[in-house]
Protein chains: 2
Amino acid sequence: MIQKLIANIQKTHAPIVVGLDPMLNYIPEHITKKAFAEFGENLEGAGEAIWQYNKEIVDHTYDLIPAVKPQIAMYEQFGIPGLAAFKRTVDYCKEKGLVVIGDVKRGDIGSTSAAYATAHLGKVQIGSKAYAAFDEDFATVNPYLGSDGVKPFIEVCKQEKKGLFILVKTSNPSSGEFQDQLIDGRPLYELVGEKVAEWGVDCMGEDYSYIGAVVGATYPEMGKVLRKIMPKSFILVPGYGAQGGKGADLVHFFNEDGLGAIVNSSRGIIAAYKQEKYAKFGPEHFAEASRAAVEDMVEDIDSALRNR
Amino acid sequence: MIQKLIANIQKTHAPIVVGLDPMLNYIPEHITKKAFAEFGENLEGAGEAIWQYNKEIVDHTYDLIPAVKPQIAMYEQFGIPGLAAFKRTVDYCKEKGLVVIGDVKRGDIGSTSAAYATAHLGKVQIGSKAYAAFDEDFATVNPYLGSDGVKPFIEVCKQEKKGLFILVKTSNPSSGEFQDQLIDGRPLYELVGEKVAEWGVDCMGEDYSYIGAVVGATYPEMGKVLRKIMPKSFILVPGYGAQGGKGADLVHFFNEDGLGAIVNSSRGIIAAYKQEKYAKFGPEHFAEASRAAVEDMVEDIDSALRNR
């Protein structure tokens, strides 16, 4: 799957990922109104509205982008109908040729991590048949429990030719509280980064490992260091746009080959029509605003990479 | 909800929690056969089998125990039907008067943690109405992202009078890989423990905070230290039984008042009929075996506490 991700990036010339993290207040009224009329102003109606909103964004952007990253929390809050919308979104994006990164940040003790890995990347055996539950291409994983919490995910990735992005340095303001603590003079996130590099050795595609890392765009200096610690790992970079990261901050997350990183934007793309810059599209044409925002983001990152 | 947990512990004299972590190979054939005949040998059939299995265990143990802890990964691997079985289990246990600890180990950046908190402990606003998605009483939370990843959970707990157990020192063999790293001579888990105590100050029930911690039974010496660092926090203690923890290892997790800890056993209770000790019950009477295993566990812990 790492090879498909790289091929998609090379085809689109866009090392970006669109975060499909819908909030009800992002969704234009004409969509929610229709969904609520059909399914009720309830969890089912919300699930339908989210799905219709996502579908229109994907239809308007899929030819420009290599991958999407649905954040499962945004669906989980709408219960079973929300998770059904998540699954429908995953399936639809895969049909469109996109790589789907399930932003699930799971992680637990060994046997439980194995169940999560099965849920998101693998297949569960029921009698004589095997069924895929959510079936994303990549998943994000929390490393706090150590190797035996991560390895069951790696095992499933080997079997299914899928991949991981493991949290190393997250984009939020208080990520340093534990992640930056110094151990023998070096921050914890560097230790985690070394582990990611180590786990990735046996999991190589052609030039890159399918065991990647998450490093926030909001910490470009740390990104520079982590790039060197994990030369063969793809870095998923959240925090661009709404969280404050800019194209110029991102160059050091990439290798010389122009690969090795994929930058996520969520709100900045999916709710672009709410920004002054794209307001001319109006709520009726929200997905065209998303397309324009994707084009601008690709240009911003491309020009930063050209000028480094 | 911390007061209800304490009241339930005092009523049952059992500081224990039953981990409802069903695996298909734990479920007796008469249950899976019936479920598959009705719904098919597929995700729906598996979800039905899990639900029937859980229900029978709860029916045979609810009067002896204060709380249950369903591990959502075990349901998530069966996709939407699995999560529907999770929700049904949560609702049924609450009807039976049990406190439900959702073992979900979620945690993310602020806005995403807010969505997870809404999903598991709160209510989501849809138009003029608010709906609860999964509606557990407590949830487990991963602290790797720091305060701004935890605080949205605390906010929802304040509003809804619910509670958390935050991962401090987990029960698995490699938990030390990051959690035991020394920072100015002290392990990371102590720092996390201090934060849990600090977060808990504004979240007091009568004698205990509703912001608790997870500390594995497999690390009794660390439990002793963490008990002192977090005197007002309830400690959820996994790792008893199948993972190797014994009653005698657990005394230091408790305060002098006999409260402050709640010990989980999953496999050891729900699949008790597979152990030689309880084999006489046979698969047909698996839930009676679970009841006997609960009685033995309560006695083991009670005698350890009496003899300390």
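From a predicted model like this one, the values you see are computed outputs, not experimental measurements.

Engineer: I keep staring at the interface of chain B and chain A and nothing clicks. Help me out?
Structural biologist: Accessible area lost when the parts come together is the quantity often used to give the size of an interface. With 69 residues of chain B in contact, the opposing surface of chain A contributes 69 residues. Contact with chain A buries surface across chain B, with I126, Y144 and F178 of chain B losing the most and accounting together for 16% of the total. E76 of chain A serves as the salt-bridge partner of R106 of chain B, at 3.0 Å between the closest nitrogen and oxygen. Counting the contacts that link chain B with chain A gives 29 residue pairs in polar contact (both at pLDDT 80 or more). A total of 7 residues in the side of chain B that touches chain A trace back to one element, the largest contributor, which is helix α6 (residues 110-120) of chain B. Taken together, the residues of the side of chain B that touches chain A break down into 36 nonpolar, 24 polar and 9 charged.

Engineer: I'm lost on the relation of the copies chain B and chain A in this one. Help?
Structural biologist: One copy of the chain maps onto the second through a rotation about an axis and a displacement along it. Screw-axis analysis of chain B against chain A gives a translation of 0.0 Å along the axis, an RMSD of 0.0 Å, and a rotation angle of 180 degrees. In short, the pair behaves as if placed about a two-fold rotation axis. Relative to the rotation axis, the C-alpha of I183 of chain B is the closest in chain B, positioned 2.7 Å from it. Mapped onto chain A, 100% of the interface residues of chain B again fall at the interface, so both copies present the same surface.

Engineer: Would you mind showing me how to read the packing of helix α9 (residues 188-200) of chain A against helix α10 (residues 220-229) of chain A here?
Structural biologist: Packed helix pairs are characterised by how far apart their axes lie and by the angle those axes make with each other. All names here are of chain A. As a packed pair, α9 and α10 sit with axes 9 Å apart at the nearest point and diverge in direction by 30 degrees. As summarised for this structure, α9 and α10 are arranged roughly parallel, according to the angle between their axes. As α9 packs across α10, the resulting crossing turns out to be right-handed. Side by side, α9 and α10 meet where Y189, E190, G193, E194 and A197 of the first sit next to M222, V225, L226 and I229 of the second.

Engineer: Honestly, helix α5 (residues 79-95) of chain B in this entry has me stumped. Any pointers?
Structural biologist: Quick reminder: α-helices carry 3.6 residues per turn. Residues three or four places apart thus point the same way. The end-to-end C-alpha distance of α5 of chain B is 25 Å, a good match for the 24 Å that 17 residues give at a rise of 1.5 Å each. Within α5 of chain B, the full set of buried residues consists of G79, P81, G82, L83, A85, F86, K87, T89, V90, Y92 and C93 of chain B. Taken together, the buried residues of α5 of chain B touch α5 (79-95) of chain A together with α3 (43-61), β2 (67-68), α4 (73-76) and β3 (99-106) of chain B. Positive backbone phi, approximately 90 degrees, marks G97 of chain B, located one or two places after α5 of chain B.

Engineer: Which parts of the structure should I look at to understand the sheet that holds strand β12 (residues 261-265) of chain B?
Structural biologist: Think of a sheet as strands paired side by side through backbone hydrogen bonds, with each pair either parallel or antiparallel. All names here are of chain B. Here we have 8 strands rolled up into a closed barrel, ordered β1-β2-β3-β6-β7-β10-β11-β12, and parallel in their pairing. Summarising the sheet, strand β1 (residues 16-18) and β2 pair through 2 bridges and their orientation is parallel. Following the sheet pairing, V18 is matched in β2 by V68.

Engineer: Got a minute to help me understand the environment of R291 of chain A in this structure?
Structural biologist: Residues and elements named next belong to chain A. Structurally, the position occupied by R291 is in helix α12 (residues 286-306). The spatial distance from the C-alpha of R291 to the C-alpha of L191 is 39 Å, given a sequence separation of 100 residues. The contacts of R291, once residues within four sequence positions are left out, are H60, T61, D63 and L64. One polar contact links R291 to D63, side chain to side chain, over a distance of 2.8 Å.

Engineer: Is there a simple way to think about the pattern of salt bridges in this case?
Structural biologist: Two side chains with opposite charge may pair up if their charged atoms get near one another. Counted by the stated rule, this structure contains 42 salt bridges over all chains. A salt bridge links K195 of chain A to E198 of chain A; the shortest N-O distance between them is 3.4 Å. In this pair, K195 of chain A and E198 of chain A are both assigned in helix α9, 3 residues apart and thus about one turn of the helix distant. When the shortest N-O distance is used, the salt bridge between K162 of chain B and D135 of chain B registers 2.6 Å. Of this pair, K162 of chain B sits in the loop between α7 (147-160) and β7 (163-169) while D135 of chain B is found in the loop between β5 (129-131) and β6 (138-141), placing the two residues 27 residues apart along the sequence. Of the two residues examined, K162 of chain B and D135 of chain B, each falls in the buried class. Residues joined in a network through salt bridges with shared partners are K69, D103 and K105 of chain A together with D108 of chain B.

Engineer: Would you take a moment to explain unusual backbone geometry for this structure?
Structural biologist: Generally, phi is negative for residues other than glycine and the peptide bonds are trans, each holding for most cases. Residues and elements named next belong to chain B. Here the phi dihedral of K105 falls at roughly 45 degrees; this positive angle occurs in a residue that is not glycine. Relative to the helices and strands, K105 resides in strand β3. Residues other than glycine seldom take positive phi values, yet K161 does so here, at roughly 55 degrees. Mapped onto the elements of the fold, K161 is located in the loop between α7 and β7.

Engineer: Honestly, the nonpolar core in this entry has me stumped. Any pointers?
Structural biologist: Nonpolar side chains in soluble globular proteins tend to be buried together. Counting 236 residues, the largest nonpolar core has L5 and F234 of chain A together with L5 and F234 of chain B as its most contacted members. Not counting the four nearest positions on each side in its chain, F234 of chain A is found in contact with I2, L5, I6, I9, F165, Y208, G212, A213, L259, G260, A261 and I262 of chain A.

Engineer: In this structure, what is going on with the packing of aromatic side chains? I would like to understand it.
Structural biologist: Centre distance and the angle of the planes are the two values used to describe a pair of aromatic rings. Here the structure, examined in full by the defined rule, presents 14 aromatic pairs over all chains. For the ring pair F86 of chain A and F134 of chain A, a centre distance of 5.9 Å and an interplane angle of 70 degrees mean the geometry is edge-to-face. On the criterion of sequence distance, the pair formed by F86 of chain A in helix α5 and F134 of chain A in the loop between β5 (129-131) and β6 (138-141) is long-range, its members being 48 residues apart. Taking relative accessible area as the criterion, F86 of chain A reaches 0% and is therefore assigned buried. The side chain of K96 of chain B reaches across the aromatic face of Y62 of chain B, ending 4.4 Å from its centre. The lysine or arginine in question, K169 of chain B, covers the ring of Y219 of chain B, its NZ or CZ lying 4.1 Å from the ring centre.

Quick notes on the rules
Residues numbered from 1 in each chain as written. Chains lettered and ligands numbered in written order. Predicted model: local features only at pLDDT ≥ 70, side-chain atom pairs only at ≥ 80, totals over all residues. Heavy atoms only, no water. Contact = heavy atoms within 4.5 Å. Buried area = accessible area lost by both parts, 1.4 Å probe. Salt bridge = Lys/Arg side-chain N within 4 Å of Asp/Glu carboxyl O. Polar contact = N/O pair within 3.5 Å; in protein donor to acceptor, adjacent residues only side chain to side chain. Helix = DSSP H or I, 4+ residues; strand = E, 2+ residues; numbered from the N terminus. Nonpolar A, V, L, I, M, F, W, Y, C, P; charged D, E, K, R; others polar. Least-squares fit on C-alpha atoms with pLDDT ≥ 70 in both. Axes fitted to C-alpha atoms, helices over the stretch in contact; angles between N-to-C directions. Parallel < 35°, antiparallel > 145°, perpendicular 65-115°, else oblique. Left-handed = near helix turned anticlockwise from the far one by under 90°. Expected span 1.5 Å × (residues − 1). Buried < 20%, exposed > 50% of the residue type's maximum accessible area, 1.4 Å probe, protein only. Pairing = 2+ DSSP bridges. Core = buried A, V, L, I, M, F, W, Y, C linked by side-chain atoms within 4.5 Å. Phe/Tyr/Trp six-rings, centres within 6.5 Å; stacked < 30°, edge-to-face > 60°. Lys NZ or Arg CZ within 6 Å of the ring centre and 35° of its normal.

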